[in-house]
Amino acid sequence: MSKKKKKEDHQKPEIRESAVEEQTAPAEIDIPAESSAEKTGDSRRSFIRKLKDFRLGAVFARLTRRQKITIAVVIGVILLLALTGFMLAWRIVWHPASLFTMAPSATASPAAAVTPAPTKTPQASKEPDATEEPTPSPSPTPTIDPYLALQEQADFSEMKNIVNVLLIGVDYAPERETWEGKHDYHADVMLVLAINFDENKVDMISIPRDTYAEIPGVKGKYKINASLNCGGGWPTEGGFRKVCEAASWMLGGVPVDYYYAVDMPTVKELVNSIGGVDYDIEMNFSMVDRSYEAGPQHLDGQGVLDYLRVRKNIAAKFAGDQNRINRQKNMLLTIFRKLKSENLLVTVPQIIASTKNLYTNLTAQQTAALAVFAYNLDPENVGMYSIGGTEAMIYNWGFILTNEPRRVKLIREIYGVNVLRHFRYDPDYAKWEWAWMNADQHLKTADKMLEAMDPILDNDRARATYVPGVTPPRSRSMPGGGAYDVPDGDEDKDPDPGTTDAASTPSPVPEETPASTPDPTVTPEETPAPQPTPEPTPEPTPTPKPTPTPTPKPTPTPKPTPTPTPTPSPTPTPKPTIDPDVQYRIYDQEVYDLRDEIDKEIEKLKKLYDKYTEQSAEHVIQNAREAELKDLRKCTKEMTELYTQLEEDVKELAKILKYTKTHSWNAKLEHEIPVDFR
């Protein structure tokens, strides 16, 4: 047999075997038993063939095109998520500032977008000339939102890499829904956290709740804590945003884009979630039926809330809103130290996410970034500041008037930028404006009341002054024995002698009337004149004893004679001088003098009122010349004293004339949003 034939014969069984294998495997046909060695060899060869067939390429080749695309997309998404997670973790740990919008870009866009429109339109309307006289009407720039106008003028180009997060504490508690107090809830805690990622530090800037402020976009003068109400109230996104805008206004336009907001029950919940805090209380105090003693102690959520709230019924050096603000910042710093020392900062995102009434516009990633930043923050790098001021009663409420130069300096130190002063919210301007508005209101009110009372006095002036010698029942005696009727309640006042027109006529009458009265009064005293008759009696010395007895007895007898002396009291005798057809004056000269004094006060107050306008007063504040400021303060003081005196005098005149209609004396706040400031 040739080699070729042998080769073919050798290959045939292999082909045949594989064919049988392919045919019999699926059907599981029984084959004759083989030896164990042959069986083992065949199983190896079969396993190797299956491994070769299970190659990825072979599997992928069997898939349809649509299946291939789906698998590719899924793999790509998985890789992308893995990469994103890695990058996010890297940003949170190594570059947390990149998760926040930086300040300069946040302020530049809205300012540039809003301010050009109003400034360009007046210029375009003026060029068409006088044909369009109505064009000056849109020119008033007050239509521009002052908040955006302020942002336009502020320069944030040098601002550091700082993110501002506002902590908002609202004075809401469920029990207040049924109490007799206010039902407007305010942002009573406003604490800006200026987080400086470049310098790895945080500055806490507190804004007193009673700060005299402008609420951007809202007409009127408000306490800054009412910004929550002006934006929509508690708990609304609009309310929280408006509080952020008000805080930004206080910072001269520096943006405050982020916030955490809590109410009173939430404070308790947050403190309890970290196991309370150890704190050294500096004073004894009570809150509701709970009492606390000074000294180191452990405070739970209720204790911390009570400590953060108390400001009344404590020692004077701890009382007041400013001291309470300082305690709030110290407590926050103590809580931060506990979170850091006990490695609780990693739990902050979970705590915030699980707290029911905690509101924020930060994402979970941003909160995590802040927690990581805080983990690496030294408590010594936390600064505490306050935009304080002086307390003043204006607009019928107690306000905090901001020290504007100090505010500008503080912002420059923290943010590295120069901002504008709020000249119309400067204490000198605010006090002058309140006095100026009150002067205007007092002048108007006095004018209304005098217009109603003057006819009464004019009618009284036309009457006779008084009747000499008459003292009717409800009358007042005048010098010389005259009398005039007076209204109820004025009997205790004595008239000024010599002020009436008929003061000359009574002068002879007093001489006559007393002349009749002394005669009877003197005669009884002179009746002892019988003493000359006893002069002969001294000679008989024994007789004097009986004589004194009769002689003193006659002396008392003349005393009954004076009793008839009331004859001078017949004042009714001048009755014939009263003319029943004549009406006499009811009011004496004092009343007319008071009316004249009121005219003088009104004249002086008008001059002071016209001395400064809103623009000229603001100009004085801007120039800050001491002489001009001194004059503005003097004008404020004089106006206040004058309109106070004018009010008292007009009320006194109204009392005398029995004018009972009530009028409003004090100026009122202009509010677009009604707010209960309690």
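Structure's up top.
Below you will find a few notes about this structure.

1. Considerations on helix 20 (residues 614-623)
Turning to helix 20, its buried residues number three or more, namely Ala 617, Glu 618, Val 620 and Ile 621. The arc that holds every buried residue of helix 20, seen down its axis, measures 155 degrees, which confines them to one face. The inward-facing, buried residues of helix 20 abut helix 16 (427-461) and helix 21 (626-656).

2. Some points on the pattern of salt bridges
As enumerated under the stated definition, the model contains 27 salt bridges in all. With its nearest N and O atoms 3.7 Å apart, the salt bridge here joins Asp 210 to Arg 209. The two residues Asp 210 and Arg 209 agree in class, both being buried.

3. A short note on the packing of helix 16 against helix 20
Where helix 16 meets helix 20, the axes come as close as 10 Å, and the angle between the chain directions of the two elements is 160 degrees. In terms of their interaxial angle, helix 16 and helix 20 are classed as roughly antiparallel. The crossing of helix 16 and helix 20 is right-handed. Contact residues: Asp 428, Tyr 429, Trp 432, Glu 433 and Trp 436 in helix 16; Glu 614, Ala 617, Glu 618 and Ile 621 in helix 20.

4. What to know about helix 11 (residues 301-309)
The buried fraction of helix 11 amounts to seven of the nine residues, a majority that puts the element mostly inside the structure. On its buried face, helix 11 sits against helix 10 (264-273), strand 7 (277-281), strand 8 (285-287), strand 9 (290-292), strand 10 (295-299) and helix 12 (321-341). Of the residues that open helix 11, the one with a side-chain oxygen 3.3 Å from the backbone nitrogen of Gln 302 is Asp 300.

5. Comments concerning unusual backbone geometry
Leave glycine aside and you will find that most residues have negative phi; peptide bonds, for their part, are mostly trans. Cis geometry is found at the peptide bond from Trp 234 to Pro 235, where omega equals -10 degrees. Within the secondary structure, Pro 235 sits in the loop between helix 8 (227-231) and helix 9 (237-250). The phi torsion at Asn 396 lies on the positive side, around 65 degrees, for a residue other than glycine. Given the relative accessible area of 40%, Asn 396 is considered partly exposed. In the Ramachandran plot, Ala 624 falls in the positive-phi region, its phi being about 55 degrees despite a non-glycine side chain. Within the secondary structure layout, Ala 624 lies in the loop between helix 20 and helix 21.

6. A look at the nonpolar core
Within the largest apolar cluster, 54 residues are counted, with the highest numbers of intra-cluster contacts made by Leu 166, Ile 168, Leu 251 and Tyr 415. For this core, the element with the highest residue contribution is helix 9, accounting for seven residues. Not counting chain neighbours up to four residues away, the residues in contact with Ile 168 comprise Ala 187, Val 189, Phe 240, Val 243, Tyr 259, Tyr 260, Ala 261 and Val 262. Leu 191, Tyr 260, Phe 373 and Leu 377 belong to the second largest nonpolar core, which has 50 residues in total.

7. Observations regarding a negative patch on the surface
A surface patch of like charges, here negative, comprises Glu 590, Asp 593, Asp 596 and Glu 597. You can see Glu 590 is positioned in helix 19 (residues 589-611). Given the relative accessible area of 32%, Glu 590 is considered partly exposed.

8. Some points on the side chain of Arg 209
Within the secondary structure layout, Arg 209 lies in the loop between strand 3 (201-206) and strand 4 (212-213). Those residues in contact with Arg 209 that sit more than four places away from it in its chain are Ala 187, Asp 188, Lys 223, Ile 224, Asn 225, Arg 311, Asp 321 and Arg 324.

9. Some words on the pairing of strand 14 (residues 397-402)
Two elements, strand 13 (residues 389-394) and strand 14, share six bridges in a ladder whose sense is antiparallel. Bridge pairing in strand 14 links Met 393 to Gly 398.

10. A closer look at the packing of aromatic side chains
Under the defined criterion, the tally for this structure stands at 19 aromatic pairs. Ring centres of Trp 436 and Tyr 609 lie 5.2 Å apart, and the angle between their planes is 10 degrees; this geometry places the pair in the stacked category. Linking Trp 436 in helix 16 with Tyr 609 in helix 19, this pair joins segments that are 173 residues apart in sequence. Through successive ring pairs, a cluster of aromatic residues spans Tyr 172, Tyr 185, Trp 234, Phe 240, Tyr 259 and Tyr 359. Sitting above the plane of the Tyr 375 ring, Lys 340 keeps its charged end 5.6 Å from the centroid.

11. Some details on the sheet that holds strand 2 (residues 187-196)
Taken together, the six strands give an open sheet; going across it, the order is 11-6-1-2-3-12, and neighbouring strands pair in mixed fashion. Two strands in the sheet have a free side with no partner beyond their single neighbour: strand 11 (359-360) and strand 12 (382-386).

12. Topic: the environment of Asn 396
Of note, Asn 396 is situated in the loop between strand 13 and strand 14. Placed 272 residues apart in sequence, Asn 396 and Lys 668 show a C-alpha to C-alpha distance of 7.8 Å. Look past the residues within four positions of Asn 396 in its chain and what remains in contact with it is Trp 434, Asn 666 and Ala 667. From its side chain, Asn 396 meets the backbone oxygen of Ala 667 in a polar contact 3.4 Å long.

13. Focus: the environment of Tyr 222
Tracing the sequence through the fold places Tyr 222 in strand 5 (residues 222-223). Spatially, the C-alpha atoms of Tyr 222 and Phe 677 are 8.9 Å apart, while their sequence positions differ by 455 residues. Here Tyr 222 is in contact with Thr 211, Tyr 212, Ala 213, Ile 215, Cys 230, Phe 399, His 671, Glu 672, Ile 673, Val 675 and Phe 677, once residues within four sequence places are set aside. Here the side chain of Tyr 222 touches Glu 672 through a polar contact of 2.9 Å, landing on its backbone nitrogen. Within the local environment of Tyr 222, its side chain forms a polar contact with the backbone nitrogen of Ile 673, the two atoms lying 3.0 Å apart.

Reading the values: rules and limits
- Residues numbered from 1 in each chain as written.
- Predicted model: local features only at pLDDT ≥ 70, side-chain atom pairs only at ≥ 80, totals over all residues.
- Heavy atoms only, no water.
- Buried < 20%, exposed > 50% of the residue type's maximum accessible area, 1.4 Å probe, protein only.
- Helix = DSSP H or I, 4+ residues; strand = E, 2+ residues; numbered from the N terminus.
- Arc of directions from axis to C-beta.
- Contact = heavy atoms within 4.5 Å.
- Salt bridge = Lys/Arg side-chain N within 4 Å of Asp/Glu carboxyl O.
- Axes fitted to C-alpha atoms, helices over the stretch in contact; angles between N-to-C directions.
- Parallel < 35°, antiparallel > 145°, perpendicular 65-115°, else oblique.
- Left-handed = near helix turned anticlockwise from the far one by under 90°.
- Polar contact = N/O pair within 3.5 Å; in protein donor to acceptor, adjacent residues only side chain to side chain.
- Core = buried A, V, L, I, M, F, W, Y, C linked by side-chain atoms within 4.5 Å.
- Patch = residues over 30% accessible without salt bridge, like charges linked within 9 Å, V, L, I, M, F, W, Y side chains within 5 Å.
- Areas by Shrake-Rupley, 256 points an atom, 1.4 Å probe, with all protein chains shown as cover.
- Lys, Arg positive; Asp, Glu negative; His and termini not counted.
- Charge placed at Lys NZ, Arg CZ, Asp CG, Glu CD.
- Pairing = 2+ DSSP bridges.
- Phe/Tyr/Trp six-rings, centres within 6.5 Å; stacked < 30°, edge-to-face > 60°.
- Lys NZ or Arg CZ within 6 Å of the ring centre and 35° of its normal.

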